[in-house]
Amino acid sequence: MSDVRQRVERYLAIWNETDPAARRAAVDEVWTGNARYVDPLGVAEGRDAFDAFVGAAQEQFPGLVFRLAGDVDAHHDVARFAWELGPEGGEAVAAGFDVAEFGADGRFERVTGFLDRVPG
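Here the structure is a predicted model, which is why all the values come from computation and not from measurement.

**Student:** Any details on the pairing of strand 5 (residues 94-102)? Residues and values, ideally.
**Tutor:** Relative to strand 5, strand 4 (residues 78-87) runs antiparallel, the two sharing eight bridges. In the sheet register, V78 faces strand 5, and the bridge partner there is E101. Counting the residues in the hairpin turn of strand 4 and strand 5 gives six residues, including G89, whose phi is positive at 75°. Both strand 5 and strand 6 (residues 108-117) contribute to a ladder of eight bridges, which runs antiparallel. Residue pairing in the sheet places A100 in a bridge with V111 of strand 6. With antiparallel pairing between neighbouring strands as the criterion, strand 5 and strand 6 make up a hairpin whose turn holds five residues, including G106 at a positive phi of roughly 90°.

**Student:** Got a sec to walk through helix 2 (residues 20-30)? Specific residues and values, please.
**Tutor:** Taken together, the buried positions of helix 2 are occupied by R23, A26, V27 and V30. Buried residues along helix 2 cover an arc of 105° about the axis, so they all sit on one side. Measuring from the backbone nitrogen of A21 back to the side-chain oxygen at the start of helix 2 gives 3.2 Å, which picks out D19 as the cap.

**Student:** Outline the packing of aromatic side chains, listing residues and values.
**Tutor:** All chains considered together, the criterion is met by 16 aromatic pairs. Summarising the aromatic geometry, the rings of Y11 and F50 are spaced 6.2 Å apart at their centres and angled 20° between planes, so their arrangement reads as stacked. Of this pair, Y11 sits in helix 1 (residues 2-16) while F50 sits in helix 3 (residues 47-60), and the two are 39 residues apart along the sequence. For F50, a relative accessible area of 0% corresponds to the buried category.

**Student:** Can you explain the pairing of strand 6? Please cite residues and give values.
**Tutor:** Bridge analysis of strand 1 (residues 31-39) against strand 6 gives four bridges, and the strand direction is parallel. Bridge pairing in strand 6 places V38 opposite T112.

**Student:** Please provide a residue-by-residue account of the sheet that holds strand 2 (residues 42-45), values included.
**Tutor:** Read from one edge of the open sheet, six strands run 2-1-6-5-4-3, paired in mixed fashion. The open sheet has two edge strands with one neighbour each: strand 2 and strand 3 (64-75). For this sheet, the mean inter-axis angle between neighbouring strands, taken without regard to orientation, is 20°. The sheet contacts of helix 2 involve strand 1 and strand 6, and relative to strand 1 the element is tilted by about 105°. The sheet strands contacting helix 3 are strand 1 and strand 2, and the helix crosses strand 1 at an angle near 45°.

Here is what the cut-offs are and how they apply
- Residues numbered from 1 in each chain as written.
- Predicted model: local features only at pLDDT ≥ 70, side-chain atom pairs only at ≥ 80, totals over all residues.
- Heavy atoms only, no water.
- Pairing = 2+ DSSP bridges.
- Helix = DSSP H or I, 4+ residues; strand = E, 2+ residues; numbered from the N terminus.
- Buried < 20%, exposed > 50% of the residue type's maximum accessible area, 1.4 Å probe, protein only.
- Arc of directions from axis to C-beta.
- Polar contact = N/O pair within 3.5 Å; in protein donor to acceptor, adjacent residues only side chain to side chain.
- Phe/Tyr/Trp six-rings, centres within 6.5 Å; stacked < 30°, edge-to-face > 60°.
- Axes fitted to C-alpha atoms, helices over the stretch in contact; angles between N-to-C directions.
- Contact = heavy atoms within 4.5 Å.

From the geometry alone we can't say anything about function, so treat these as descriptive.
See the structure below:
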């Protein structure tokens, strides 16, 4: 289970990586070539689209960071986890949870995100 938690933490770190080259390298490391991300705000098919999606989120919420909010629940090749978005060390302004599916090599292949609370 700790391996899955580490993978989830690495995934969330991508959302916080503001250096475009470092973020892209992390996307390539963490995601399979069949990457698909979907949440109520959009769909990203492929690594390029996911990388652009994260960049757009960073522009929309400058200075805020994603963090794990609780334990990671996982079995087989699926994990679910709650996250928060807020200022470093401050109160979250958004929260949700993701369901991740992993490829045969253990990398992320699909993530479906749900928003529980969004900034007003």
